[in-house]
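The residues making up each chain are set out below.
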Amino acid sequence: MDLCYVVFVAFVLRLHLCVEAFAARDVELVTATVGQLQREQCDLFAGEWIANPAGPAYTNESCRFIEARRDCMTNGRPDTEYIYWRWKPYDCELPLFNAKKFLNSMRNKSWVFIGDSILRNQLGSLLCLLSKDEEVVREETINSIIWHLPSRNFTLALVWAPFILKASDEADNITVHLDVLETEWTSHYNDYDYVVVSGGHWFLKTTIFQENDTVIGCNYCPGMNVPELGRDFLYRKALQLAFRFILSSDHKPLVLFRTWTPDHFEFGRWNTGGVCNRTKPYKEGEFGGHDVDHIMRGVEIEEVEKALAVGTQNGTRIRLLDTYHLSLLRPDGHPGPYFRFHPDMGKWTQNDCVHWCMPGPVEAWNDIVMEMVLNEGDLRYSSRI
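Only a predicted model underlies this, so the values are computations on that prediction, with no experimental measurement involved.

Cut-offs and rules
- Residues numbered from 1 in each chain as written.
- Predicted model: local features only at pLDDT ≥ 70, side-chain atom pairs only at ≥ 80, totals over all residues.
- Heavy atoms only, no water.
- Helix = DSSP H or I, 4+ residues; strand = E, 2+ residues; numbered from the N terminus.
- Buried < 20%, exposed > 50% of the residue type's maximum accessible area, 1.4 Å probe, protein only.
- Contact = heavy atoms within 4.5 Å.
- Areas by Shrake-Rupley, 256 points an atom, 1.4 Å probe, with all protein chains shown as cover.
- Axes fitted to C-alpha atoms, helices over the stretch in contact; angles between N-to-C directions.
- Parallel < 35°, antiparallel > 145°, perpendicular 65-115°, else oblique.
- Nonpolar A, V, L, I, M, F, W, Y, C, P; charged D, E, K, R; others polar.
- Expected span 1.5 Å × (residues − 1).
- Pairing = 2+ DSSP bridges.
- Polar contact = N/O pair within 3.5 Å; in protein donor to acceptor, adjacent residues only side chain to side chain.
- Left-handed = near helix turned anticlockwise from the far one by under 90°.

1. Considering the overall build of the chain
Link 1 in the chain: Counting its secondary structure elements, the chain contains 8 helices and 13 strands.
Link 2 in the chain: Out of the 385 residues in the chain, the part that is buried amounts to 49%.
Link 3 in the chain: Pairs at least 24 apart in sequence give 74% of the contacts found in the chain among residues at least 6 apart.
Link 4 in the chain: Surface exposure of the chain reaches about 18900 Å², of which carbon and sulfur atoms provide 55%.

Structure, rendered in structure tokens:
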């Protein structure tokens, strides 16, 4: 009887140990699987701004690439809380930008940024982040600016193409050719390993549009005997032409399309007394954006989805850099009146509620860029549509 009891106890213990061992392996497997699923399914663009007591990676004193109109600190902005936030996706961690790691992966590579002043705003932030680790040498041509980081043979270029299309240089009544892309970027497209494209805001300007060198319409041109064309129609035409070129090219760089960025004017627009004087991020749902934001971003999402469908068939690598939502939550990140040096606040002054202070929220855009680029092929990213 005692012997049977001992055998039974031994059997139970062995069974228990086997179950424990299986459970441990099972837990390890499940944990790894869940971790992989979380990694694959992480939406970098859905999250919240959380406190970052460490502060920004650079300042107006440590970086020489901050444009005067984005240098809110030097221009006298009195509050500083806007530089103590970082973007945190809900389902994963987003590492802060690591210049050394990024540059080591970019040896003998070249980037081009194609777009407007908001994209230049982002590139300026990237240069500030990179210059912490390496000397940056600047060259300027007629239509573009190039920066070299010699120790890695890494090149960054900026092509001014706010419409992405061919356009005249006038400040007012700009003429845009809806059937011709800006050749400054198309003629050098094969030279780049990474392409970042963004635009849209210039389609809100007074603009005359041509096809086959014939005027077909305009945007916001009262008094002119020309049919008004919707800005979303015009933006769609530009994106379709750009994606057609990218998809048909034999050259297959990684193309990041950065989405529309919202402005935060309140109580008016840029020319009617609008301001952006908030000092904290919005909470989720507190601000939904303007009607034009939804229209223009909707065009982008639709055209990018079409391009992605074709790209998956012919090997064109297009990725959506969807900075819209995280930017929507940062009304405190704009220069406001401090795009000028120490503005006289006792008088009416124009506000910039479109561009971004540096340092500021725009660093999060580059945190995401690094995560997307260094994990290309390993992660899937979604966006709010």
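Alright, that's what it looks like, and here's the rest.
2. With respect to the packing of helix α3 (residues 117-130) against helix α8 (residues 362-374)
Link 1 in the chain: Orientation of α3 relative to α8, taken along the N-to-C sense of each, is 75°, at an axis distance of 9 Å. In terms of orientation, α3 and α8 fall into the roughly perpendicular class. Of the residues in α8, those touching α3 at I118, N121, Q122, S125, L126 and L129 are V362, E363, W365, N366 and V369.
Link 2 in the chain: Each residue belonging to the contact of α3 with α8 can be placed in one class, and the counts come to 6 nonpolar, 4 polar and 1 charged.

3. Looking at helix α6 (residues 291-314)
Link 1 in the chain: Its 24 residues give α6 an end-to-end C-alpha distance of 35 Å, which sits within 8% of 34 Å, the value for a rise of 1.5 Å per residue.
Link 2 in the chain: Residues of α6 that are buried: V292, D293, M296, R297, V299, E300, I301, E303, V304, A307 and G311.
Link 3 in the chain: Summarising the contacts, the buried residues of α6 are in contact with α5 (231-248), β12 (254-258), β13 (317-321) and α7 (324-328).

4. Brief notes about the sheet that holds β13
Link 1 in the chain: Strand order in the open sheet made by the 7 strands is β4-β5-β6-β3-β9-β12-β13, with mixed pairing throughout. Bordering the open sheet on either side are β4 (137-140) and β13, each of which pairs with just one other strand. The sheet shows a mean angle of 20° between the axes of neighbouring strands, direction not considered.
Link 2 in the chain: Across 6 bridges, the pairing between strand β3 (residues 110-115) and strand β6 (residues 154-160) is parallel. Its bridge partner lying in β6, F113 is registered against L158.
Link 3 in the chain: Across the face of the sheet, α5 comes into contact with β12 and β13 while running at roughly 170° to β12.
Link 4 in the chain: Where α6 meets the sheet, it contacts β12 and β13, and its direction lies at approximately 155° from that of β13.

5. Describing the side chain of E134
Link 1 in the chain: Structurally, E134 is set in the loop between α3 and β4.
Link 2 in the chain: Residue class for E134 comes out buried when judged on its relative accessible area of 9%.
Link 3 in the chain: In terms of polar contacts, E134 uses its side chain to reach the side chain of R152, at 2.9 Å.
Link 4 in the chain: Those residues within four positions of E134 in sequence are excluded, and the remaining contacts are L103, L149, P150, S151 and R152.

6. Observations regarding the packing of α5 against α6
Link 1 in the chain: Taken N-terminus to C-terminus, the directions of α5 and α6 make an angle of 20°; their axes are 10 Å apart at the nearest point. Viewed along their axes, α5 and α6 adopt a mutual orientation that is roughly parallel. When the axes of α5 and α6 are compared, the crossing they make is right-handed.
Link 2 in the chain: Of the residues that constitute the contact of α5 with α6, the class distribution is 11 nonpolar, 3 polar and 7 charged.

7. Some thoughts on α5
Link 1 in the chain: With 18 residues, α5 extends 26 Å from end C-alpha to end C-alpha; this agrees with the ideal 26 Å at 1.5 Å per step.
Link 2 in the chain: Buried within α5 are the following residues: L234, Y235, A238, L239, L241, A242, F243, I246 and L247.

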